[in-house]
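# Commentary on secondary and tertiary structure
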Amino acid sequence: MEEKYKILIVDDEQSILDMLKLQLEFEGYSVYTAGNAAEALDKLSYSPDIVLLDINMDGMNGFGFMCLYS
């Protein structure tokens, strides 16, 4: 069985998180979600292959997250 990618979705709008998670899980991907950058940093322990990141978030924006992540 082929292993699909692990995807971390970071967005402060719950409806976007829900929609993307539903679509990607339907395709067989392992999907993790975070509602802000601080929560996303905690989810990095799952070692995602791909991060889908909202740049315009309250608090730490997506650019700040990428500086910490890289």
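The structure under discussion appears in the preceding block.
Residues numbered from 1 in each chain as written. Predicted model: local features only at pLDDT ≥ 70, side-chain atom pairs only at ≥ 80, totals over all residues. Heavy atoms only, no water.

## Focus on the pattern of salt bridges
- Under the definition given, this model contains 2 salt bridges.
- Between K21 and E25 there is a salt bridge; the shortest N-O distance is 2.8 Å. Of the two residues, K21 and E25 both sit in helix α1 (residues 14–26), 4 residues apart, roughly one turn of that helix.
- Here E25 falls in the partly exposed class, since its relative accessible area comes to 36%.
- Note that E39 and K43 form a salt bridge whose closest N and O atoms lie 3.9 Å from each other. Of the two residues, E39 and K43 are both situated in helix α2 (residues 37–43); the distance of 4 residues between them amounts to about one turn of the helix.
- You can call E39 partly exposed: its relative accessible area is 32%.
- Under the relative-accessibility criterion, K43 is labelled partly exposed at 22%. (Salt bridge = Lys/Arg side-chain N within 4 Å of Asp/Glu carboxyl O. Helix = DSSP H or I, 4+ residues; strand = E, 2+ residues; numbered from the N terminus. Buried < 20%, exposed > 50% of the residue type's maximum accessible area, 1.4 Å probe, protein only.)

## Description of the sheet that holds strand β2 (residues 30–34)
- Strand order across the open sheet formed by 3 strands is β2-β1-β3, with parallel pairing between neighbours. Taken across any chain shown, the strands that pair with only one partner, and hence form the sheet edges, are β2 and β3 (50–53). Averaged over all pairs of adjacent strands, the angle between strand axes in this sheet comes to 20°, irrespective of strand direction.
- By the bridge criterion, 4 bridges tie strand β1 (residues 6–10) to β3 in an arrangement that is parallel. The residue of β3 that forms the bridge with I9 is L52. (Pairing = 2+ DSSP bridges. Axes fitted to C-alpha atoms, helices over the stretch in contact; angles between N-to-C directions.)

## Digging into the side chain of T33
- Assignment of secondary structure puts T33 in strand β2.
- T33 has contacts with L8, I9, L17, K21, E39 and K43, leaving out every residue within four places of it along the chain. (Contact = heavy atoms within 4.5 Å.)

## Here we look at the nonpolar core
- In terms of nonpolar packing, the biggest core is built from 7 residues, these being L8, V10, A34, A37, A40, L44 and M57.
- Elements that contribute at least two residues to this core include exactly β1 and α2.
- In this structure, I7, I9, L24 and V31 belong to the second largest nonpolar core, which totals 5 residues. (Core = buried A, V, L, I, M, F, W, Y, C linked by side-chain atoms within 4.5 Å.)

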